[in-house]
Amino acid sequence: MGEFQSGKELCDQFFESLTGRKDIDQRIVMLLRNLYSEGKLTGDDILQGLEDLRAQKEDGAESQT
Amino acid sequence: MEQRVKLKRLVGEGFRGIFKRVWLDFEDDCKSLVLFGNNGDGKSSFSDALEWFFTDTIDALQREGCGREDYFNDALPKPQEPVVELSFNRNNLDNEKILQWEGGYRYSNNIEEFRKYIESSRKESFILRYHTMRAFVDKRKKDKLEEVEEIIGFKIIKETRQALLRALNSLKSSTQLTSYRSLLNEKGEAIVNIIGTKPFIGDDVISFADGLRKQLGHGGPISDEDTLKSVTDELDKKVKITQKGEQIAWLEQIRQNASTSKGIPTFLDELKQVLTSHNRLASQREKVEASALDKLYKAGVEALEEGWVKAGECPLCKRPIDTDQLLESLKKEIESIQGLLEERNKTVEQVKLLRYRIRPLKESLSSLLEDKVKEALLAPHQFETLKSWPDLFARWGELMDKVEASPESVVFELPLADSQNALGTTLTQIEETIESKKTSLAETEEEKRFYQGIETLKLLRDNYLRLREFEGKIGVYERQISSLEKIHQKFEEKERDGLSQVLEAISKNVNEYFKFLHAGEDFDQIELVLTEGRGLEFRLKFYGRSISPPLKVLSESHLNSFGISLFLASAKHFNKTNGFLILDDVVSSFDVNHRRSLARLLRERFPDTQFLLFTHDDLWFDLLKQDLPSNHWLFKELAKWSHENGVEIIESPMSLRERIQYCLDTNDINGAANKCRTLIEGTLKQICEDLGVRLEYRSREGNDRREARELIDGLAAYLKANQSLREKENKLLFSDLKADQLLTNIGSHHRNLGVTSLGRGDIEVILRDINEFENLFICQDCGKPVRKDYSPPNSKLKQCKCGKLWI
């Protein structure tokens, strides 16, 4: 659009900016970034991804927070 | 930058009011056009044709409940198909779009570049109609924000925010999490019952367990979760080595199962409430339908998105259809019925929670029917009481399946109070039998205390370890919720920043255009601002006071100007593909005071934009001819619409007088009378404005609705006060004009009044009167009218340009 950042540019920039933030679970950041880049960032897909992360934790994975 | 697309020619045939093939030719240099037509003559058929060409629908018709069948001209014989053809300044985009009788449409030009062009055009807003231009101003704050987001290409932002919020809310209200919290409470209460401390912390439990350990004579301390587990296991093993100890442990297990089974009546109460509420909802037809449609629409969306159905064809009726449009419309429908589904969703959630409860109840009760228990602890009548219950659990499970699967009512019969009481009595009796057996197994008080102590320690261990497990699971959920909340909050901040930038730029232009249209009025700092709770509103300064929303103080005319200013500002910033705009009858009787400013605004601020300006206001049409440069603008008008011919375009005579003559030539006396009335009003308004005639104050749009009679009186008062044009023949001209005005009124309404219509001669006399009257105020030497801006400041009389005529 030129004079303003487009919606997509804002989203790209936003998900980039989450990387490395210590107050946010980086595995969730990775999950959201992957879903976003695949064009699958829907409520249901996020929930499924979070459930998978919880299952991994129960299998003994350490929290990254 | 690539040249913006403009129109060279628009051709229509058989579409809406257009029957025979007609075209608007904008010439090779894509000139702008003013199209005049009386209401009902078919101006909007052209904007409808353009809207359909680009978007496949005509929004205004759709909102009125009209469908594609209404796009066909009434007189069009089958199998002839309606056609809209556009030629552009980029020849490779030229295309014909044909509306098919059997459904759907086809293009004559299917190149990839055209497809891309249509796709980008759909993101732009280029048609403004009178009935929609106020729509934005009148919208709720939330809807305003959504519309702006749509216009500025923030759809992806909205979708991302909604996805994050949906996930966050679902996570917070997750059935699993609720169940963990409920189990955590349950375990917490059980621990309170054992240790007698409320509230308690982990150390209280460990300290209590260690005290018990000492009483039981175990050597190692209990200092944490691990030692609680290991010491209890060791003591348990020690007990189970002896037959007596093993027997006591088994009895305790059965006692616990009997105790758990006592929760069945409470469970049944809750199940009854859920089923009753479900059946109440099932009696509300619209909610049942919404639920069924929700499923149908969601299945449709899935089938379309996954490509399971043939593109371009309705999956149900097999008629040709635009797949993208169908998908979009299904998604909108799903969104619109969510309110009706709220209670139904709540019921389904409650059923899910009950499912978590039913399993331990069923397992506990079934364990009481095992042979070993039957032989050792149950009397025959007790066994009879218990044995019918496991089958009931299966039935309740089926009921819950039905409720989850369908909004239709369910028939249910739950055990009566008598059966539930009998169950409760039997379970209490079993507990008493167990207590009695345990007592008889322990020979001494010390032994009893020992076994009791070990049972208590085991119970404490089990409850505490489960409690810690649930705390862990809940902790995982809560950390995810916390992260997602932060992400959602940061995203909203980012969105707000992005929006603010855009709004600032749009507001700057809205302010500029609005002030241009209403020069001399005390408006300032007009802006679009984000409001609390996700909304958007206009704010402005009116006589130095900050006002929001503008509806509070502004007239119809001002609000219309807001609509026009916003449309133009948004087109300026966001229409990067198309360089044309269509303004379909956007000037109404409310807007007479700034209609001329609008023409100048278009001319001065949008020199590179091609406009298609449709109007039914013949005086404005006349003014536009004077104000807009003829090398860039074309002027055409529509003949009276007829069923036989549909819309017909005629080259427009250049002035209102010429158009009156055209009416006379075509024997349209009523049309000529109508235009004469407009000409009298226009002439008088111009003279009054030139002389600075003072008229009675009227608020808001009342100012815009002065009739000729009032203008004549005002002008006469001015002349009397200045002792000017007092000669008898001049006074006669005033009387004649008053009479002419009356005649034109009667002439244009004679059918309603039941009087004889005007003749051609009458009109010719009226035209002569108007000319003579107008000439009174024009200098014979310099040919210019008397005007206040030619005159010295504060001069009572006004002069012409050369100063020879003073009035």
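Residues numbered from 1 in each chain as written. Chains lettered and ligands numbered in written order. Predicted model: local features only at pLDDT ≥ 70, side-chain atom pairs only at ≥ 80, totals over all residues.

A.B. asks: What am I meant to see in the overall build of chain B here?
C.D. replies: When its secondary structure is counted, chain B shows 28 helices and 14 strands. With 807 residues in all, chain B has 30% of them scored as buried. Considering only intrachain contacts with a sequence separation of at least 6, the fraction spanning at least 24 residues in chain B is 70%. (Helix = DSSP H or I, 4+ residues; strand = E, 2+ residues; numbered from the N terminus. Buried ≥ 20, exposed ≤ 12 C-beta atoms within 10 Å, placed from the backbone. Contact = placed C-beta atoms within 7 Å.)

A.B. asks: How should I be thinking about the overall build of chain A in this particular structure?
C.D. replies: Within chain A, the regular secondary structure consists of three helices and zero strands. Counting the 65 residues in chain A, one finds 23% classified as buried.

A.B. asks: Before we go on, may I ask you to explain the pairing of strand β13 (residues 633-638) of chain B in this structure?
C.D. replies: Two faces make up the sheet, and in a regular strand the side chains alternate between them. Residues and elements named next belong to chain B. Where strand β3 (residues 32-36) lies against β13, five bridges are found, and the strand directions are parallel. Along β13, the bridge assignment pairs Ser-32 with Trp-633. In terms of strand pairing, β13 meets strand β14 (residues 649-651) through three bridges, oriented antiparallel. Bridged to Glu-637 within β14 is Ile-650. (Pairing = 2+ DSSP bridges.)

A.B. asks: Even after reading the chapter, I still don't get the packing of helix α10 (residues 225-241) of chain B against helix α20 (residues 445-517) of chain B, so can you show me in this structure?
C.D. replies: Any two packed helices are characterised by the angle at which their axes cross and by the distance between the axes. Residue and element names in this part refer to chain B. The N-to-C vectors of α10 and α20 enclose an angle of 145 degrees; their axes lie 10 Å apart at closest approach. Of the two possible hands of crossing, α10 and α20 adopt the one that is left-handed. Contacts between α10 and α20 involve Glu-225, Leu-228, Lys-229, Thr-232, Leu-235, Asp-236 and Val-239 on the former and, on the latter, Ile-454, Leu-457, Lys-458, Arg-461, Tyr-464, Leu-465 and Arg-468. Taken together, the residues that form the contact of α10 with α20 break down as seven nonpolar, one polar and six charged. (Axes fitted to C-alpha atoms, helices over the stretch in contact; angles between N-to-C directions. Left-handed = near helix turned anticlockwise from the far one by under 90°. Nonpolar A, V, L, I, M, F, W, Y, C, P; charged D, E, K, R; others polar.)

A.B. asks: What is the right way to read the pairing of strand β5 (residues 95-99) of chain B from this model?
C.D. replies: Residue and element names in this part refer to chain B. With four bridges connecting them, strand β4 (residues 83-88) and β5 associate as antiparallel partners. From the neighbouring strand, Val-83 faces β5, where its bridge partner is Ile-98. The hairpin turn running from β4 into β5, its antiparallel successor, is six residues long. Note that β5 and strand β6 (residues 105-107) share three bridges and pair antiparallel. Bridging from a neighbouring strand, Ile-98 pairs with Arg-106 of β6. In this antiparallel pair of consecutive strands, β5 and β6, the connection spans five residues, and Gly-103 shows a positive phi of 115 degrees.

A.B. asks: Can you walk me through the nonpolar core in this structure?
C.D. replies: Residue and element names in this part refer to chain B. Val-34, Ala-49, Val-510 and Leu-583 are the most contacted members of the largest nonpolar core, which has 94 residues in total. If you tally residues by element for this core, the top one is α20, at eleven residues. Dropping the residues within four chain positions of it, Ala-49 is found in contact with Leu-10, Gly-12, Phe-15, Arg-16 and Val-84. Phe-208, Leu-212, Ile-254 and Leu-378 belong to the second-largest nonpolar core, a separate cluster that totals 36 residues. (Core = buried A, V, L, I, M, F, W, Y, C linked by C-beta atoms within 7 Å.)

A.B. asks: Can you walk me through the interface of chain A and chain B in this structure?
C.D. replies: Reports of interface size often rely on the accessible area that becomes lost once the parts have come together. The interface is formed by 26 residues belonging to chain A together with 25 residues belonging to chain B. Listed by contribution, the elements that provide at least two residues to the side of chain A that touches chain B are α1 (7-18), α2 (26-37) and α3 (43-58) of chain A. Its residues placed into classes, the side of chain A that touches chain B shows 13 nonpolar, seven polar and six charged.

A.B. asks: How do you make sense of the sheet that holds strand β8 (residues 523-531) of chain B when you look at a structure like this?
C.D. replies: Working definition: the strands of a sheet are paired by backbone hydrogen bonds and lie parallel or antiparallel to each other. All names here are of chain B. The strand order across the open sheet formed by three strands is β8-β9-β10, and the pairing between neighbours is antiparallel. In this open sheet, the two edge strands, each paired with only one partner strand, are β8 and β10 (545-547). Averaged over all neighbouring strand pairs, the angle between strand axes comes to 25 degrees, with direction disregarded. Where strand β9 (residues 535-542) and β10 come together, three bridges link them in antiparallel fashion.

A.B. asks: Mind showing me how you'd approach helix α28 (residues 760-775) of chain B here?
C.D. replies: Structurally, the α-helix is built with 3.6 residues per turn, so residues lying three or four positions apart point the same way. Residues and elements named next belong to chain B. Taking 1.5 Å per residue as the helical rise, α28 with its 16 residues ought to reach 22 Å, and the 23 Å between its terminal C-alpha atoms agrees with that figure. If you check which residues of α28 are buried, you get Ile-763, Ile-766, Asp-769, Ile-770 and Phe-773. All buried residues of α28 project into a common sector of 120 degrees when viewed along the axis, lining one side. Summarising the geometry of α28, the exposed residues directed more than 90 degrees from the buried face are Arg-760, Gly-761, Arg-768, Asn-771 and Asn-775. (Expected span 1.5 Å × (residues − 1). Arc of directions from axis to C-beta.)

A.B. asks: How should the sheet that holds strand β12 (residues 610-615) of chain B be read in this particular structure?
C.D. replies: Residue and element names in this part refer to chain B. Taken in spatial order, the six strands line up as β7-β11-β12-β3-β13-β14 in an open sheet, and their pairing is mixed. Unpaired on one side and paired on the other, β7 (127-129) and β14 mark the two borders of the sheet. Put simply, the sheet's adjacent strands are angled 20 degrees from each other on average, direction ignored. For strand β11 (residues 580-584) and β12, the ladder comprises five bridges, and the chain directions are parallel. In the strand pairing of β12, Leu-583 is matched with Leu-613.

A.B. asks: Teacher, can you tell me more about unusual backbone geometry here?
C.D. replies: Excluding glycine, residues mostly have negative phi values, and the peptide bonds linking residues are mostly trans. Residues and elements named next belong to chain B. The omega angle of the peptide bond from Lys-78 to Pro-79 is 5 degrees, so this bond is cis rather than trans. In this structure, Pro-79 sits in the loop between α2 (59-63) and β4. Backbone torsion omega between Lys-198 and Pro-199 reads -5 degrees, so that peptide bond is classified as cis. Tracing the sequence through the fold places Pro-199 in the loop between α8 (175-195) and α9 (202-215). Positive phi values are uncommon outside glycine, yet Arg-16 reaches one of about 50 degrees. Tracing the backbone shows Arg-16 in the loop between β1 (7-13) and β2 (22-25). The phi dihedral of Leu-725 is positive, around 50 degrees, even though this residue is not glycine. Within the secondary structure, Leu-725 is located in the loop between α26 (708-721) and α27 (728-753). Classification of Leu-725 as partly exposed rests on a count of 18 C-beta atoms within 10 Å.

A.B. asks: It is not clear to me how the environment of Ala-721 of chain B should be interpreted in this structure. Could you clarify?
C.D. replies: All names here are of chain B. Mapped onto the elements of the fold, Ala-721 is located in helix α26. Take Ala-721: there are 10 C-beta atoms within 10 Å of it, and that puts it in the exposed class. Separated by 76 residues in the primary sequence, Ala-721 and Leu-797 place their C-alpha atoms 9.9 Å from one another.

A.B. asks: I'm lost on the packing of α1 of chain A against helix α7 (residues 155-172) of chain B in this one. Help?
C.D. replies: Running from N to C, α1 of chain A and α7 of chain B point in directions that differ by 40 degrees, and their axes come no closer than 7 Å. With respect to α7 of chain B, the axis of α1 of chain A lies oblique. Listed contacts from α7 of chain B to Gly-7, Lys-8, Leu-10 and Cys-11 of chain A of α1 of chain A are Lys-155, Ile-156, Ile-157 and Thr-160 of chain B. Its residues placed into classes, the contact of α1 of chain A with α7 of chain B shows four nonpolar, two polar and two charged. (Parallel < 35°, antiparallel > 145°, perpendicular 65-115°, else oblique.)

A.B. asks: Is there a simple way to explain the environment of Ala-599 of chain B in this structure?
C.D. replies: Residue and element names in this part refer to chain B. Structurally, the position occupied by Ala-599 is in helix α22 (residues 595-605). Once the C-alpha coordinates of Ala-599 and Leu-628 are considered, the two residues, 29 residues apart in sequence, prove to be 7.1 Å apart. If we ignore the near neighbours within four places in the chain, the residues touching Ala-599 are Leu-623, Leu-624, Asp-627 and Leu-628.

A.B. asks: What should I look at first to understand the environment of Asp-70 of chain B in this one?
C.D. replies: Residues and elements named next belong to chain B. Looking at the secondary structure, you find Asp-70 in the loop between α2 and β4. Looking at Asp-70, the number of C-beta atoms within 10 Å reads 14, which means it is partly exposed. Through-space distance from the C-alpha of Asp-70 to that of Phe-15 is 9.0 Å; in sequence the pair is 55 residues apart.

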